[in-house]
Amino acid sequence: MLTRPNRHDRLGGVKGTRSTAFLLKPRLIIACTLVCLPLLSGALPTATRAAMQTVRPLPAPTGFADKTFEQVWERTDAPVLAGLAQRSWYWGPRPGQTMQEPYAGSGTGKRLVQYFDKARMEINNPGADRSSEWFVTTGLLVVEMVSGRQQVGDRQFVPRPPAEIAVGGDGLGTDPDAPTYTSFRQVASLNGPNHNRAPKRIGQAITASINRAGKVGDNPAMGLYPGAKVAAYSDVTGHNIPQAMWDFFNMRGVVQKNGVLSDGQLLANWVYVMGYPITEPYWARVKVEGVYYDVLFQLYERRSLAYIPSFPKGWQVQMGNVGQHYHRWLYGGPLPTPLAPLGTSPPSAHPGIPAVPPMPDPVDAMVSSSAVVAGTPVRVSIMGFRPGEAIVSWFTAPDGAATDARINLIAGEDGTVKDVSVPTTGKAQGVWAITFHGRASNHQAIAYFYVYIPPTPTAGAATTRPAGSPSPASTHTRTPPRGTATPTPTWPVVPTETPGGLVLSVRPGYGPPDARFAFLATGLDPGEQVQVTFTDPNGNRLYPAGSDNGRYRATGDGNLGFALVPVEAFPSAPLGAWLFEVRGEQSGLEGVIGFTLR
């Protein structure tokens, strides 16, 4: 819903009425796009300056399902609730319904979620690092509603009826022509980074329009609005960002952290809140409180934004009520029949590869092609990591075995690494996964791809290897991709392969804590002393029981292999991503690979 600002709104007051049994639907639901308060604290109102000097937490609403939810909420919305900021909600005035929703791989089969007007907060792994920015996630709710697929696990999705809910405005009841989430399905990037990409158009006017049936048009007059020029471009998904929305992402104002007020960037990490854009910006004629307005919509992975240029400055960019809409989609009963076509896959997505099997959507990753002939590299871009942190990686084969991918990276300033080349030479036919694990944050990005081996190989074609077996160590020598297109001079160079071809593997790559896991390291010096360390999801470094503090000896052929049951080998075995690290004391070889307890 979009709301026209009134005098009460402009004075920063809060109107809130409970519209349903499960969510609050405040009348004031607009977020400003221009600086609502001066950037210099000396120019702030006296009452605001005084309040910013206190360390006493401001009054907060009750009902947060977890303390970390409140910590995420308070940054932008606590000052609004206290009347110290002249802007609307980024989450909502108070938390909504708390639920345990199905989620495979969480250990219990469920995860804690809490709905807000604008989004949903969730905890996927209660045993992870609570200080990590990604301990609380907000879900790709817009992606799910546009695609019509609800995510119920890291790799599990279930189809649902189309989300025929108006993205903004008064709703289909009084505005039956308003675009819905389904209206954007044919123009959204839902099938990888090469699907529905747009060329970079920095500085150009935005004139494209869309209606409820998903029909795209062009209205040159719309490009005359001041915020309707392209200001930025997302290389990850290939979409342009309007000036008005880019200003919104970079807006500063009063923020709160642990009860302390300060002046700062409202969206400390806009990708964490919004996700990347999945559509181009499109104009629509939408009814707001009974009056038609020109509105520029753009959908992001987690949120939607609307730019209403005829509204007063300070109220022109609004976040959509994605949390409310998603809850209605899941629990609100039947929705209207969509007018837009429902197909999502582009034609000839995988030419020459018959019968590509279904596979999970990537997790914080974009894949150049989800199906390739063996020997063709897959290019992957990953996101969501801490700037500058070290990232390790491993493959999960079609049979579930994990092997070291030997692709070590450093995250860029924006927490991403773009255009990573992933080799498929020697890979068995089937669905593979490559997991990228942040050493500091424990954040994981997972890309899935299908390797196809033609039935009649031509000369020089790749030779099939058993599932899970590594490629020869000498086949690839790569420099890790830089995290951003313009990396800082201090960006370190990290080798992508350990010298001499040390290769680690774990079988299975995932399983319950009481399962038996087999660990193997090959390529060590014959008979050398080897130090083995395990790191649990909480960052604790552990040694298996009875192992002399992780000290082992390689065999005469340079191998090290052993098996253990986590609940028996360690004092505790929390669910989540674990690391298995090996260091040869004579050879100096080091390697690391991950596996998951779930």
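Criteria and cut-off values
Residues numbered from 1 in each chain as written. Predicted model: local features only at pLDDT ≥ 70, side-chain atom pairs only at ≥ 80, totals over all residues. Heavy atoms only, no water. Buried < 20%, exposed > 50% of the residue type's maximum accessible area, 1.4 Å probe, protein only. Helix = DSSP H or I, 4+ residues; strand = E, 2+ residues; numbered from the N terminus. Pairing = 2+ DSSP bridges. Core = buried A, V, L, I, M, F, W, Y, C linked by side-chain atoms within 4.5 Å. Expected span 1.5 Å × (residues − 1). Bend = angle between axes of the 7 residues up to and from the residue. Contact = heavy atoms within 4.5 Å. Phe/Tyr/Trp six-rings, centres within 6.5 Å; stacked < 30°, edge-to-face > 60°. Axes fitted to C-alpha atoms, helices over the stretch in contact; angles between N-to-C directions. Polar contact = N/O pair within 3.5 Å; in protein donor to acceptor, adjacent residues only side chain to side chain.

A. Structural context of the pairing of strand E2 (residues 110-115). Burial of E2 is extensive: five of the six residues sit out of reach of the surface. In terms of strand pairing, strand E1 (residues 98-102) meets E2 through five bridges, oriented antiparallel. Bridging from a neighbouring strand, Met99 pairs with Val113 of E2. Count of turn residues in the E2/strand E3 (residues 120-123) antiparallel hairpin: four residues.

B. Local environment of the nonpolar core. If you look at the biggest cluster of nonpolar residues, it comprises 46 residues, and the most contacted ones within it are Phe248, Phe249 and Leu305. Counting only elements with at least two residues in this core, the list comes to helix H3 (67-81), E3, strand E8 (230-234), helix H5 (243-249), helix H6 (270-274), strand E14 (304-307) and strand E15 (317-319). Here this core takes five residues from H6, the largest share from any one element. Counting 34 residues, the second largest nonpolar core, distinct from the first, contains Tyr282, Val286, Val288 and Ala306.

C. Inspection of H3 at higher detail. With 15 residues, H3 extends just 18 Å between its outermost C-alpha atoms, more than 12% less than the 21 Å of an ideal straight helix rising 1.5 Å per residue. Along H3, the helix axis deviates most sharply at Glu74, where the bend reaches about 65°. Of the residues making up H3, those classed as buried are Thr68, Phe69, Val72, Trp73, Glu74, Thr76, Asp77, Ala78, Pro79 and Val80. The secondary structure elements touched by the buried residues of H3 are E2, E3, strand E10 (252-257), strand E11 (260-265) and H6. Phi turns positive, to about 80°, at Gly83, one or two residues after H3.

D. Structural view of the pairing of strand E33 (residues 590-597). Burial runs high along E33: six of the eight residues are buried. With two bridges connecting them, strand E26 (residues 510-511) and E33 associate as parallel partners. For Gly511, the partnering residue across the bridge sits in E33 and is Leu597. Relative to E33, strand E32 (residues 576-584) runs antiparallel, the two being bridged by eight bridges. Residue pairing for E33: Trp578 is matched across the bridge by Phe595. Counted along the chain from E32 to the antiparallel partner E33, the turn is five residues long, and its residue Gly588 has a positive phi close to 75°.

E. Representation of the packing of aromatic side chains. Enumeration according to the criterion identifies 32 aromatic pairs in this entry. With a centroid separation of 6.2 Å and 35° between ring planes, the pair formed by Phe64 and Phe116 is classed as tilted. Within this pair, whereas Phe64 is found in the loop between helix H2 (46-52) and H3, its partner Phe116 is found in the loop between E2 and E3, the two being separated by 52 residues in sequence. Residue class for Phe64 comes out buried when judged on its relative accessible area of 16%. Under the relative-accessibility criterion, Phe116 is labelled buried at 0%. Both rings, one in Tyr293 and one in Phe311, keep their centres 5.1 Å apart while their planes meet at 80°; by these two values the pair is edge-to-face. Of the two residues, Tyr293 sits in strand E13 (residues 291-299) while Phe311 sits in the loop between E14 and E15, which places them 18 residues apart along the sequence. Take Tyr293 and Phe311: they sit in the same class, and that class is buried.

F. Here's a closer look at helix H7 (residues 322-331). Within H7, eight of the 10 residues are buried, which leaves it mostly tucked inside the rest of the structure. Listing the buried residues of H7 in full gives Val322, Gly323, Gln324, His325, Tyr326, His327, Trp329 and Leu330. The secondary structure elements touched by the buried residues of H7 are E1, E2, E3, helix H4 (141-147), strand E4 (149-151) and E14. Positive phi shows up at Gly333, right after H7, with a value of about 90°.

G. Representation of the sheet that holds E3. If you trace the three strands from one edge of the open sheet to the other, you get E1-E2-E3, paired in antiparallel fashion. Among the strands making up the open sheet, the edge pair consists of E1 and E3. Adjacent strand axes in the sheet meet at a mean angle of 35° when their direction is disregarded. Sitting on the sheet, H3 is in contact with E2 and E3, with an inclination near 140° to E3. Contacts between H7 and the sheet are confined to E1, E2 and E3, with E2 contributing the most and set at about 130° to the helix.

H. Unusual backbone geometry, seen in detail. Pro508 follows Arg507 through a cis peptide bond whose omega is -10°. Here Pro508 lies in the loop between strand E25 (503-507) and E26. Although it is not a glycine, Asp419 adopts a positive phi angle of roughly 60°. Along the chain, the position of Asp419 falls in strand E22 (residues 417-422). Residue Asp419 is classed as partly exposed on the basis of its relative accessible area, which comes to 41%.

I. Here's a closer look at the environment of Arg379. Structurally, Arg379 can be placed in strand E18 (residues 378-382). What makes Arg379 partly exposed here is its relative accessible area of 34%. Separated by 40 residues in the primary sequence, Arg379 and Asp419 place their C-alpha atoms 5.4 Å from one another. Setting aside chain neighbours within four positions, we find Arg379 in contact with Met366, Val367, Ser368, Asp419, Val420 and Ser421. Within the structure, the side chain of Arg379 is placed 2.6 Å from the side chain of Asp419, a separation counted as a polar contact.

Coordinates in, geometry out; function isn't part of it.
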